[in-house]
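An overview of the molecular structure
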Amino acid sequence: MINIRFPDNTVKQFEAGVSSLDIAKSISPGLARQVYASSINGEVRDLLRPVNEDASVKFHKWEDPEARHTFWHTSAHLLAYALEELYPGIKFGIGPAVENGFYYDVDPGEGVVISESDLSRIEKKMKDLAREKYSTERIEISKAEALKMFEEKGDEYKTELISELDDGSITLYKLGDFMDLCRGPHLPDTENIKAIKLLSLAGAYWRGDEKRKMMTRIYGISFPKQKLLEEYMLMLEEAKKRDHRKIGKELGLFAFSQKVGMGLPLWLPRGADLRQRLIDFMTAELKRRDYTIVSTPHIGNIELYKTSGHYEKYGADSFQPISTPQEGEQFMLKPMNCPHHCEIYNATPHSYKDLPVRMAEFGTVYRYEQHGELHGLTRVRSFTQDDAHHFCEPDQMKEEFKKIIDLVQWVFKSLDFSDYKAQISLRDTVNREKYIGSDENWDKAQKAIIEAAGEKGLDTTVVEGEAAFYGPKLDFMVKDAIGREWQLGTIQVDYNLPERFDLSYTGSDNQKHQPVLLHRAIFGSIERFVAVLIESTAGKFPLWLSPDQVIILPISEKYHDYSKKVLKFLNNYDIRTLIDERSEKIGKKIRDSELSRIPYLLIIGENEEESSTVSVRKQGEGDKGIMTLEEFAAFIDKQVKTELQIKG
RNA sequence: GCCGAUGUAGCUCAGUUGGUCAGAGCAGCUGAUUUGUAAUCAGCAGGCCGGGGGUUCGAAUCCCUUCAUCGGCUCCA
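Rules of the game
- Residues numbered from 1 in each chain as written.
- Chains lettered and ligands numbered in written order.
- Predicted model: local features only at pLDDT ≥ 70, side-chain atom pairs only at ≥ 80, totals over all residues.
- Heavy atoms only, no water.
- Helix = DSSP H or I, 4+ residues; strand = E, 2+ residues; numbered from the N terminus.
- Contact = heavy atoms within 4.5 Å.
- Areas by Shrake-Rupley, 256 points an atom, 1.4 Å probe, with all protein chains shown as cover.
- Near = heavy atom within 4 Å.
- Polar contact = N/O pair within 3.5 Å; in protein donor to acceptor, adjacent residues only side chain to side chain.
- Nonpolar A, V, L, I, M, F, W, Y, C, P; charged D, E, K, R; others polar.
- pLDDT = per-residue confidence, 0-100.
- Disulfide = S-S within 2.5 Å.
- Buried < 20%, exposed > 50% of the residue type's maximum accessible area, 1.4 Å probe, protein only.
- Pairing = 2+ DSSP bridges.
- Axes fitted to C-alpha atoms, helices over the stretch in contact; angles between N-to-C directions.
- Phe/Tyr/Trp six-rings, centres within 6.5 Å; stacked < 30°, edge-to-face > 60°.
- Lys NZ or Arg CZ within 6 Å of the ring centre and 35° of its normal.
- Core = buried A, V, L, I, M, F, W, Y, C linked by side-chain atoms within 4.5 Å.
- Salt bridge = Lys/Arg side-chain N within 4 Å of Asp/Glu carboxyl O.

**Observations concerning the overall build of chain A**
- Of the regular secondary structure elements, chain A holds 21 helices and 35 strands.
- Counting contacts in chain A only where the partners sit at least 6 residues apart, residues at least 24 apart contribute 67% of the total.
- On chain A, roughly 31,300 Å² of surface is accessible, and the fraction owed to carbon and sulfur atoms is 48%.

Shown next as structure tokens:
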């Protein structure tokens, strides 16, 4: 007999070799029906896998990521099974579960193309197979046997994978006639896979290496109930309505022109206004935090980038040098501001008393991004970084780092950004040749970042191998409307440029010392930030107000009625600030019926004096008095909700 | 750059197997209307159907090519 401990700490006895599904059944048949996987001593396992020793067990229902992961993993196998039936001779790469669904990378063979029109056929085959209620079977196998099996099948992809595994750790899963190399875990059978949707088709390099064969990747998602699938598809539809490209077009914020060139955003008047407000908002705060604002040209002599090392690293894949009538003279469009800032630093001598120097610029840079990676405003070829560089003494680095984290947190909070992730990127522990700089400096910098993040209470994930070639970094990531992750803010330690540009300061010992350089951006780029701002705010709540800004953002159609009512309500009020006429104009804007037709985006007042007071007066009812924007926000919100009986 | 898909008036789209198929709604303009409020009525204007080439008596509709966009992969200083 073995002892099984449950999450509530009760312990029950079972025969050794009992499956976790049987354990679940012993609690209640209802539970057994809802469970898709179990964790045995923290390891996620198949429900049918025997438990042979004392263990703690936790059951995973659909709500748990582990359950969905298992469900989708089995669905991926089901997809492969269907493909094998429909495309004899098809070869398989990998087929994992992902955050929302699953995919399988396949090689259908020479001359065979799977296209979107085939998806419904494959989907149908999957459903037919699922209805057969095939059970999954876990098979442990020796490396030699596994290799033999897949070599005979002629599947070079699986063979390659197996050859890299340790003998004794290889398991196969059998589903009907389909046998696949797999670590598991899996559902007991396919009975519960009731709703299946193949979503899209894409090319994906085998093992992520662009020099290797491109596989066909089929994305799909599945659910135990049709209703869940319908809800998911509806959610996707809603999310697409928040796409910044759609909203940007509808509201006339920005545009692209084939004539101007791909990936080169054109800011239309309204978008330019928003962009400028973000810049002003940030600039005001930077001044408060002892930054100096600088400005540098959009091009720089090629020697500048040879000095920085960027030319060697990226020159061939960049916009190519600009020639001049002068023989041998060449300039580059600037792909980053750092080298320019280093030269600004070098323009004057520095004492340790000057440090840290914090130099900021809204610098527009140009990068020749590959064709296929351009994406709305989030990935463009010309963008404006809210860039800054901190030049500091080595022992000031951590403190500066913390100050930057503080600024990021302040900005995100001010703009109501709560859903972001902090990622610490360290260098690869194995391939060190990708990086420059001494081990000692790397260790010091990595330690400083981890400590600084910890002291600022940041919840971080650490990723090895993602560091820049010159130093480790801390990135702030957010998700867009459909869950793609984008990097916004970044803080990077750099020992490279101070060396290459021979930066120095005179220390208290009257000797020359080399400063440490921190790169940082808060928005990342204004373009990307606007995109994410639109997607994260749109659809949440049509009226977004804070003491510093008032933004009425465009919203998904779900909120159209609400938005209309808000605007209709606002039309009943005479809204204007008592301070300046620009705000008066904005009040008029709100009342403007042309504007009231569209759920509108507008921002009022980015600083205190501009936006501190508003006069709100309902027509015919006299003066309601003067209130701060914050009070105004609450007031509007309350009025709208009570008068129009909108549910929050 | 690679795989797959898409590309019709400013916007959203309809155009069956190639032959009155160049359309609709919204936006725009003109004229009525003036009704406490998103879209009243009438009329007008708008596209060489992304560009180029080809097949055909004839192509928005088939083929090739090119550009751009979308979903991914790779990349992201």
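Let us keep going from here.
**Concerning the protein's contact with RNA strand B**
- Around RNA strand B there are 37 residues in total, and Tyr205, Gln258, Met262, His371 and Glu373 lie nearest to it.
- Each atom of RNA strand B within 4 Å of the protein was classed as base or backbone; sugar and phosphate made up 57%.
- Leu201 is positioned such that a nitrogen or oxygen atom in its backbone is 3.1 Å from a base nitrogen of RNA strand B.
- Here a base oxygen of RNA strand B and a backbone polar atom of Gly203 are 2.9 Å apart.
- Looking at the surface near RNA strand B, the elements with two or more residues in it are strand 14 (195-205), strand 15 (214-223), helix 8 (244-250), helix 11 (310-314) and helix 17 (560-571).
- Of the residues forming the surface near RNA strand B, the biggest block, six residues, is contributed by strand 14.
- For the surface near RNA strand B, the per-class residue count stands at 11 nonpolar, 13 polar and 13 charged.

**Details of the confidence of the model for chain A**
- In this model, chain A carries a mean pLDDT of 83, and residues with pLDDT of at least 70 account for 83%.
- Note on residues 539-629: pLDDT is under 50 here. Beyond four places in sequence and across chains, it has 190 contacts.
- Residue range residues 639-648 is modelled with pLDDT below 50. Its contacts to residues more than four positions away, or to other chains, number 19 contacts.
- Our summary of model confidence lists the complex with pTM equal to 0.84 and ipTM equal to 0.92.

**As for the state of the cysteines**
- Considering all chains together, one arrives at zero disulfides under this definition.
- Here Cys342 is not disulfide-linked; the sulfur of Cys338 is the nearest cysteine sulfur, at 7.0 Å.
- For Cys342, a relative accessible area of 1% gives the class buried.
- Cys342 provides the cysteine sulfur closest to Cys392, a residue in no disulfide bond, and the two sulfurs are 13 Å apart.
- Owing to a relative accessible area of 0%, Cys392 belongs among the buried residues under this scheme.

**What to know about the sheet that holds strand 18 (residues 292-293)**
- Pairing within the open sheet is mixed, and its eight strands lie in the order 18-22-23-30-27-26-24-25. Edge positions in the sheet fall to strand 18 and strand 25 (460-464), since each has one partner strand and no second.
- Where strand 22 (residues 357-366) lies against strand 23 (residues 382-392), 10 bridges are found, and the strand directions are antiparallel. Pairing of Val357 across the sheet is with Phe391, part of strand 23.
- Along the sheet, helix 12 (residues 338-346) contacts strand 22, strand 23 and strand 30 (516-525); its crossing angle with strand 22, the most-contacted strand, is approximately 145°.

**Topic: the sheet that holds strand 2 (residues 11-14)**
- Here five strands make up an open sheet; going across it, the order is 2-1-7-4-5 and the pairing mixed. The strands lining the two open edges of the sheet, one partner per strand, are strand 2 and strand 5 (43-45). When the angles between neighbouring strand axes are averaged without regard to direction, this sheet yields 35°.
- Summarising the sheet, strand 1 (residues 2-5) and strand 2 pair through four bridges and their orientation is antiparallel. Paired with Asn3 across the two strands is Gln13, which belongs to strand 2.
- Along the sheet, helix 1 (residues 20-27) contacts strand 1, strand 2, strand 4 (35-40) and strand 7 (55-61); its crossing angle with strand 7, the most-contacted strand, is approximately 80°.

**Some thoughts on the packing of aromatic side chains**
- Scanning the model with the defined rule gives 25 aromatic pairs in all.
- Taking 5.4 Å as the distance between ring centres and 85° as the angle between the ring planes, the aromatic pair formed by Tyr36 and Phe71 counts as edge-to-face. A residue pair is termed long-range when its members are at least 10 positions apart, and Tyr36 in strand 4 and Phe71 in helix 3 (residues 65-86) qualify at 35 residues.
- What makes Tyr36 buried here is its relative accessible area of 7%.
- According to the relative accessible area criterion, Phe71 is buried, its value standing at 0%.
- Arranged with centres 6.4 Å apart and planes meeting at 90°, the rings of Trp72 and Phe223 form a pair that is edge-to-face. In this pair, Trp72 is assigned in helix 3 and Phe223 in strand 15, connecting sequence segments 151 residues apart. The same class applies to Trp72 and to Phe223, which are both buried.
- Among the aromatic residues, ring-to-ring pairing joins Tyr36, Trp62, Phe71, Trp72, Phe223 and Tyr232 into one connected group.
- Here Lys306 stacks its cationic end above the ring of Tyr311, 5.4 Å away from the centre of that ring.
- The aromatic ring of Tyr368 is capped on one face by Arg381, whose charged end is 4.1 Å from the ring centroid.

**Focus on the nonpolar core**
- Among the nonpolar cores identified, the biggest contains 53 residues, and Phe401, Val411, Phe417, Leu474, Val493 and Phe523 are the most heavily contacted of them.
- The element best represented in this core is helix 13 (residues 397-414), accounting for eight residues.
- Contacts of Val411, omitting those with residues within four sequence positions, involve Phe281, Met282, Ile522 and Phe523.
- Within the second largest apolar cluster, 38 residues are counted, among which are Trp62, Phe71, Ala97 and Ile221.

**Notes on the pattern of salt bridges**
- Counted by the stated rule, this structure contains 37 salt bridges.
- Across the salt bridge formed by Glu84 and Lys153, the nearest N and O atoms sit 3.2 Å from each other. Pair noted here: Glu84 is in helix 3 and Lys153 is in helix 5 (residues 143-153), with a separation of 69 residues, a long-range link.
- Accessibility expressed as a relative area gives 22% for Glu84, which makes it partly exposed.
- Overall, the relative accessible area of 38% leaves Lys153 in the partly exposed class.
- Its salt-bridge partner being Lys434, residue Asp428 comes within 3.8 Å of it at the nearest N-O pair.
- Judged by its relative accessible area of 40%, Lys434 falls in the partly exposed class.
- Here the salt bridges share partners, and the residues they tie into one network are Glu285, Arg288, Arg289, Asp406 and Lys456.

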